[in-house]
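# Coordinates in review
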Amino acid sequence: MKLKLPSPRNSIRFRLLAASTLVQVLLLSLLLFNSVRLMNDATTASVATMVDQNAAMLHAMATAYGEHDQLMALQDLLHELLVDANEGLIYVRIGRSANELLLNAGNTASARLNELPAGIGSFGPIRSGGLVHVRKPLLLDRNEVGFLQFGVSVSVLESARRAILTQGGTIALIEIMLTLMLLSLIGYLLTRNLGRLMDGSQAIAEGRLDHRIAVEGNDELAQLSERFNGMAANLQDRIGQLIDTTTRLQASDERYALAIQGANDGLWDWDINTDEVFLSPRFREIARIPADEALPLEEGPFVNMHQDDRADFRARLVSHLKGQSDQFQAEFRVCLSVLESRWILARGVALRDAGGRAYRMAGSITDIDQRKRAEAQLIHDAFHDSLTDLPNRALFIEHLDSALRRKHRAGSQQLAVLAVNLERFHLVNDSFGHAAGDHVLRMIATRITKVIPAGDVAARVGGDQFAVLLNELDDASAALAIAQQLRETLASPISLGGHQYYPTSRIGIAFSPEGAESPESAEAMLRDSDNALHRTGSIESGPIRVFHTSMHEQMLKSLRIEADLRSAIGNQALTVNYQPIVSLQDDRVTSFEALARWSHPTRGPIAPGEFIPLAENLGLIHALGMSVLEQTCLAILDWQSKVGDDLVPPVSVNLSARQFAHPALAEEIIGMIHAHGVSPSRLRMEVTESAIANVQGRASEVLARFRAAGIQVLIDDFGTGYSALSYLHTIPCDVIKFDGSFIHAIAEDHRLRALVRRSIELAHDLGMTVVAECIEDEQQAEILRSLNCDHGQGYRYSRPLTREGVSQLLSSIHSAPKTP
């Protein structure tokens, strides 16, 4: 609102000046009027006196001179006296009538006698110009009445009167001007702070709340200005607070409106005492309530509630109204039609009086139908396979556990779990793609569900593995019959991109315990069926195998062996034995082969053929190999300290093919050898032929680095798989070792003997020496000598020796007498 400033005519200063001026004018006017009146009275009195005196004098003279008929003498006398008179008596006339003058003396020319009344009648003083004319009756001779007329000049009195009036007016005007100036100054001084107050009020009205008035002096207006400034400061603070509060309220309102709009919730407010309910439009939209319908809470807002949800809703509402819960919350369904419903979440809080009785309750409802459907879908997805829509492992375990509990309580018929696996399924994905593989899995799932009886459960528990729960079997043969039927049904061809795929399957079966024993774990039954499934590929009893307890025991045994092997390698519990390699010409020990040995704390010695493959499968083979290498280095140093450096032959250490995947294999092995101070010539690396079958691969590079460092390379198991004479010359090695399978039959198989002979000759031509493994008798040794084989190894010469056994062997060789 803009403050309207007063017009100049309405200002206090103007009114003060106008009022003061008016008072001054009135007072001066009264004064001048009174002065003029007094002056006029004085002038009139003076003129009357003058007229009376002149009338008395002239009457006396006219009478005196008239009696002696000397009026002419009197005229001459008066004429001489009055001819040049400008003041006082000016002219004198005596006559019988207006036309018959007896005496006419003085300045009658300027008397303007024609303006006077005609005749001889008398008249009082008549002013005409600056003269006063008087006519009085005069008794002439013979008692004739004539008149005496004279004129008296009053110009001096008039001039004096005008001068006095002019001076009085001038003085009054000057006084008015001085009064105006003084009052203006006083008004300015009085209204200056008032003007500032007006300007401040205008500024406040315009919203400039920081405007302040300059305070000068210590009068009441200055104090008023100080109070105005204080009021403005307080007003500014209060307005600021109001603006801040308004801003926060507006932001809160916007936030609340946005929250409600964003939450897309419906609002309700229930007056419990009157049973009236306010419903927002969104509430009515969610609950499908017409806009013009207003019913009590229990019958109106939730009139469309599903019958199955009403009892729980009422119980929760009553509990909250009784104060048994801090917040009311209930999920229920609203029926949209006979077959369609929508899930709703209702929440609210009740207001209570001093006695704790609820008198008002308000809250919101949320459409949670999509969430509930998503939850149902999530639950379905959590317990079903997304590809085949069969139950997954978790749901299958629940079904199986429930069936086992029923069997235990009621002693019902036998249960069986079938583990079904598709053989070579990975070829489908590799050949036709994963889409084709998914199609096969869906077809297999459909076929399984068609085969199994109603009430039984099929599930997908792995990539290409399914499980079937068979309930209430009469005997084991029924499960075997269903398993056989499954195999036959699954074997039907499936068309894949113009090709026919014939699925083959293996099935493992596990039965529930007979009798009234405590229920077996569902996980255990599924595990047992899986164990039986894995045994189907390693026995000749066919693709269907029934589980028995020895399978589980064997599996537990394997798991324990794995754990014990990890512990043994980590704790350096594996030992190394050394089997001599001798010259076939004179049986002289020329080298040793380091062999890992494991003495289990409970099972005793475990064959290398059992724990070496296990170490490879567990990824422990490199740690095992490095442990063997380190123990071998320490053993060489120990032997050298006892018999001398030159009397300790080289020792070969086996390398697994999987060790070649280690990125720094050569550097790590060479570094360990140098770290222990062992000459590289005292160590040999022994690798299988299969590890170096690819001459362009990493193994060839690693072996070449060994040879460059002075470490000889041996090919173990030569001729057992990847043997090819065509690339023998390219293999970076120094010694080849014939596998024991050649040596066992060399005495009986002449063709094998010829093959060994030619291989030995070829190796010699390539500058390699030959070692024959697994020599067990003298006949084998004699044949190999005849074939010019260089070295032999086997029980014919010595079993693997401990570190101390090798030390004794070397000492005995050193102390034995030299043969001449």
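Now for a quick tour of the structure. None of these values were measured; they are calculated from a predicted model.

### Remarks on unusual backbone geometry
Despite not being glycine, R424 shows a phi value in the positive range, around 55°. Mapped onto the secondary structure, R424 falls in the loop between β11 (414-422) and α9 (426-432). Of note, the phi angle at E472 is positive, near 50°, even though the residue is not glycine. When you line up the elements, E472 lands in strand β13 (residues 465-473). The exposure class assigned to E472 is exposed, which follows from its relative accessible area of 54%.

### So, the nonpolar core
Residues Y578, L629, W639, F660, I669 and F706 are the most contacted members of the largest nonpolar core, which totals 78 residues. Among the elements that take part in this core, helix α15 (residues 621-643) stands out by supplying 10 residues, more than any other. Formed by 32 residues, the second largest nonpolar core is a distinct cluster that contains V428, I448, F466 and L473.

### What about the sheet that holds strand β9 (residues 341-352)?
The antiparallel open sheet is built from five strands, whose spatial order is β7-β6-β10-β9-β8. Edge positions in the open sheet fall to β7 (276-279) and β8 (328-335), since each of these has one partner strand only. This sheet shows a mean twist of 25° between the axes of neighbouring strands, independent of strand direction. Bridge count for strand β6 (residues 266-271) against strand β10 (residues 358-367) is six bridges, and the pairing is antiparallel.

### Brief notes about the packing of aromatic side chains
In this structure the tally under the stated criterion is seven aromatic pairs. Where F313 meets F328, the ring centres are 5.5 Å apart and the plane angle is 85°; that geometry is what we call edge-to-face. Of the two residues, F313 is situated in helix α6 (residues 307-321) and F328 in strand β8; the sequence distance between them amounts to 15 residues. Across this residue pair, the class does not change: F313 and F328 are buried. Pairing F313 with F332 gives two aromatic rings, centres 5.3 Å apart and planes at 75°, and the pair type is edge-to-face. Taken together, the positions of F313 in helix α6 and F332 in strand β8 put the pair 19 residues apart, joining distant regions of the chain. Using a relative accessible area of 0% as the deciding quantity, one classes F332 as buried. Through successive ring pairs, a cluster of aromatic residues spans F313, F328 and F332.

### Section: the sheet that holds strand β17 (residues 544-546)
Taken in spatial order, the five strands line up as β12-β13-β11-β16-β17 in an open sheet, and their pairing is mixed. Since the sheet does not close on itself, it has two edges, and those belong to β12 (457-460) and β17, each with one partner. Neighbour to neighbour, the strand axes of the sheet diverge by 20° on average, direction disregarded. Taken together, the four bridges between β12 and β13 define a ladder with antiparallel strand orientation. Counterpart to V457 in the pairing with β13 is L469. Here helix α8 (residues 393-410) sits on the sheet and contacts β11, β12 and β13; the angle it forms with β13, its principal contact strand, is near 15°. Its contacts with the sheet put helix α12 (residues 522-535) on β11, β13, β16 (505-511) and β17, and the angle it makes with β16 is roughly 140°.

Definitions and cut-offs
Residues numbered from 1 in each chain as written. Predicted model: local features only at pLDDT ≥ 70, side-chain atom pairs only at ≥ 80, totals over all residues. Heavy atoms only, no water. Helix = DSSP H or I, 4+ residues; strand = E, 2+ residues; numbered from the N terminus. Buried < 20%, exposed > 50% of the residue type's maximum accessible area, 1.4 Å probe, protein only. Core = buried A, V, L, I, M, F, W, Y, C linked by side-chain atoms within 4.5 Å. Pairing = 2+ DSSP bridges. Axes fitted to C-alpha atoms, helices over the stretch in contact; angles between N-to-C directions. Phe/Tyr/Trp six-rings, centres within 6.5 Å; stacked < 30°, edge-to-face > 60°. Contact = heavy atoms within 4.5 Å.

Just geometry here; none of it tells us what the structure is for.
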